[in-house]
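The residues making up each chain are set out below.
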Amino acid sequence: MNAAPKLMRIGMVCPYSLSIPGGVQAQVLGLARELRRQGHEVRVLGPCDGPPPESFVTPLGDSLPASANGSVAPLAPDPSATLRVLRVLRDEAFDVVHIHEPLAPGPPITSVTLHTAPTVGTFHAAGRSSSYRFLAPALRRIADRLDHRVVVSKDALALVQGYLGGEYEMLFNGVETTLIRGVEPFVRDRPAIFFVGRHEERKGLGVLLAALSATELDISCWVAGDGPDTRHLQAEFGHDERIEWLGRISEADKLARLRGASVLCAPSLHGESFGVVLIEAMAAGTPVVASSLDGYRNVATDGVDALLVPPGDVAALSRALHRVIVDGDLADRLVANGTRRADEFAMSSLAEAYVGIYGRLTSGGVD
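Since the model is a prediction, treat every value here as computed from it, not as a measurement.

J.: Any chance you could explain the pattern of salt bridges here in plain terms?
T.: One pass over the full model with this rule turns up 19 salt bridges. Here Arg9 and Glu41 are joined by a salt bridge, their closest N and O atoms 2.5 Å apart. Here Arg9 is found in strand 1 (residues 9-13), whereas its partner Glu41 is found in strand 2 (residues 41-46), with 32 residues between them in sequence. Judged by its relative accessible area of 21%, Arg9 falls in the partly exposed class. Given the relative accessible area of 41%, Glu41 is considered partly exposed. A salt bridge links Arg248 to Asp226, with the shortest nitrogen-to-oxygen separation between them at 3.3 Å. In this pair, Arg248 sits in the loop between strand 12 (243-247) and helix 9 (251-260) while Asp226 sits in the loop between strand 11 (220-224) and helix 8 (230-237), placing the two residues 22 residues apart along the sequence. According to the relative accessible area criterion, Asp226 is partly exposed, its value standing at 27%. One continuous salt-bridge network, built from bridges that share partners, spans Arg33, Glu34, Arg37, Glu54 and Glu176.

J.: What should I look at first to understand the packing of aromatic side chains in this one?
T.: Any pair of aromatic rings gets described here by the distance separating the centres and the angle formed by the planes. Going through the model one piece at a time under the given rule, you end up with six aromatic pairs. Arranged with centres 5.7 Å apart and planes meeting at 80°, the rings of Phe123 and Tyr168 form a pair that is edge-to-face. Highlighted residues: Phe123 in strand 7 (residues 119-123) and Tyr168 in the loop between helix 5 (154-164) and strand 9 (169-170), separated in sequence by 45 residues. Under the relative-accessibility criterion, Phe123 is labelled buried at 0%. Classification of Tyr168 as buried rests on a relative accessible area of 14%.

J.: Mind showing me how you'd approach the state of the cysteines here?
T.: Formally, a disulfide is one covalent bond, and it connects the sulfur atom of one cysteine to the sulfur atom of another. In total, this model carries zero disulfides according to the counting rule given. Lacking any disulfide linkage, Cys221 is separated from the closest cysteine sulfur, that of Cys265, by 7.7 Å. Taking relative accessible area as the criterion, Cys221 reaches 0% and is therefore assigned buried.

J.: Would you mind showing me how to read the nonpolar core here?
T.: Generally speaking, nonpolar side chains in soluble globular proteins are found buried as a group. The biggest cluster of nonpolar side chains holds 58 residues, and the ones touching the most others in it are Leu103, Phe123, Tyr132, Leu164, Phe194 and Leu278. Considering each element in turn, this core owes the most residues, seven residues, to helix 10 (residues 276-283). The residues contacting Leu164, other than those within four sequence positions of it, are Leu103, Phe123, Tyr132, Ala136, Leu139, Arg140, Ala143 and Arg149. Of all hydrophobic cores here, the second largest spans 32 residues; its members include Met8, Ile10, Val42 and Ile357.

J.: Is there a simple way to think about helix 13 (residues 328-343) in this case?
T.: At 3.6 residues per turn, the α-helix brings residues three or four places apart onto the same side. Spanning 16 residues, helix 13 covers 23 Å between terminal C-alpha atoms, matching the ideal 22 Å at 1.5 Å per step. Among the residues making up helix 13, those that are buried are Leu330, Ala331, Leu334, Asn337, Gly338, Arg341 and Ala342. Buried residues of helix 13 fall within an arc of 140° about the axis and therefore sit on the same side. Residues of helix 13 that are exposed and angled more than 90 degrees away from the buried face: Asp329, Asp332 and Arg340. Buried positions along helix 13 lie against helix 6 (177-181), helix 10, strand 15 (307-309) and helix 12 (314-326).

J.: Looking at this structure, I do not really get the sheet that holds strand 7. What am I missing?
T.: Pairing between the strands of a sheet comes from backbone hydrogen bonds, and it takes one of two forms, parallel or antiparallel. Spatially, seven strands are ordered 3-2-1-6-7-8-9 in an open sheet, and the strand pairing comes out parallel. Of all strands in the sheet, those with a lone pairing partner are strand 3 (57-59) and strand 9, marking the two edges. As paired strands, strand 2 and strand 3 are joined by three bridges and run parallel to one another. Bridging from a neighbouring strand, Val44 pairs with Val57 of strand 3. Lying over the sheet, helix 2 (residues 79-92) contacts strand 1, strand 2, strand 3 and strand 6 (96-100), oriented at roughly 165° with respect to strand 2.

J.: I would appreciate a short explanation of the sheet that holds strand 14 (residues 288-291) in the present structure.
T.: The six strands are arranged 12-11-10-13-14-15 in an open sheet whose pairing can be described as parallel. In this open sheet, the two edge strands, each paired with only one partner strand, are strand 12 and strand 15. Strand-to-strand twist of the sheet, defined as the mean angle between neighbouring strand axes without regard to direction, takes the value 20°. As paired elements, strand 10 (residues 192-196) and strand 13 (residues 263-266) share two bridges and run parallel to each other. Bridge pairing in strand 13 links Ile193 to Val263. Packing against the sheet, helix 7 (residues 205-213) makes contact with strand 10, strand 11, strand 12 and strand 13, and its axis sits at approximately 170° to strand 11. The strands touched by helix 12 are strand 10, strand 13, strand 14 and strand 15; relative to strand 15, the strand with the most contacts, the crossing angle is about 170°.

The rules we used
- Residues numbered from 1 in each chain as written.
- Predicted model: local features only at pLDDT ≥ 70, side-chain atom pairs only at ≥ 80, totals over all residues.
- Heavy atoms only, no water.
- Salt bridge = Lys/Arg side-chain N within 4 Å of Asp/Glu carboxyl O.
- Helix = DSSP H or I, 4+ residues; strand = E, 2+ residues; numbered from the N terminus.
- Buried < 20%, exposed > 50% of the residue type's maximum accessible area, 1.4 Å probe, protein only.
- Phe/Tyr/Trp six-rings, centres within 6.5 Å; stacked < 30°, edge-to-face > 60°.
- Disulfide = S-S within 2.5 Å.
- Core = buried A, V, L, I, M, F, W, Y, C linked by side-chain atoms within 4.5 Å.
- Contact = heavy atoms within 4.5 Å.
- Expected span 1.5 Å × (residues − 1).
- Arc of directions from axis to C-beta.
- Pairing = 2+ DSSP bridges.
- Axes fitted to C-alpha atoms, helices over the stretch in contact; angles between N-to-C directions.

Okay, here's the thing in structure tokens:
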């Protein structure tokens, strides 16, 4: 008879503001929720630019915008955040500390360096990194303090291993499939395309809106999020009454829109290591049209559970969206295959994998 798994006190460190929507933030909070469902005591440490999104979040102060991977990351590299994380790590006496993007400035690097408990580092980023390029020797020394390293995709592995070396375990990101499927769908009066993401060049929103302009279908295009490109995109495409500019929306609203949309469109141009939103859409029972980036091909197969088109190809994107909206048989096939694919990324399975790592580290076993 197998013994019940040991329940642990887990500190989980997030580099990005937990009150600002983002892929890493959603992954951290989702994993923490699942671990707590399994009986573990989890505290999430990270910056917050407003009320903490969950009762188990310990805020470390406000964030500051920083350029990263062609985007703007809400980090907290200031001394006050460092002092707060030092105090929390010393007071809480965690059994294990799990640090996401462990070499990001601020709480992550502080947590790795302090090393108050066995540490797990999960690397999410892919693409290019000027920090790794110019600071590799120093970052390599910090990374060597991690007891176990995890990457979320082949592209994330290529980035960190190329600069830092070392051994890594690959664990794809997880999705709270049961939670998503229990959400009431947003009610719509006509077919709807859903985009959610930061309004910046690499996310490809301009490509989507140009593709929408190329079709005369009577549809809605729900655009969630904001960013540096919002104003000029609204100026260029604001005449199209089919576009609904939603601004930032809550996680609950995002899931309701995912459940209610006719298609989720992810037209990113580069810099995606893993397509969490694609898996979320599959779990929600919504067809997916996305760019054929390596990061998205980690989770989606063209013509099977999604339609993938060349990044930046307006005509191809327009055709793919048109096909999914008008061809019910195609949409149904993508949804059926996507549902099965999403089950392979259930957050419960990811949490169990991490619990196995935590258990080996805290029991003194060789990792």
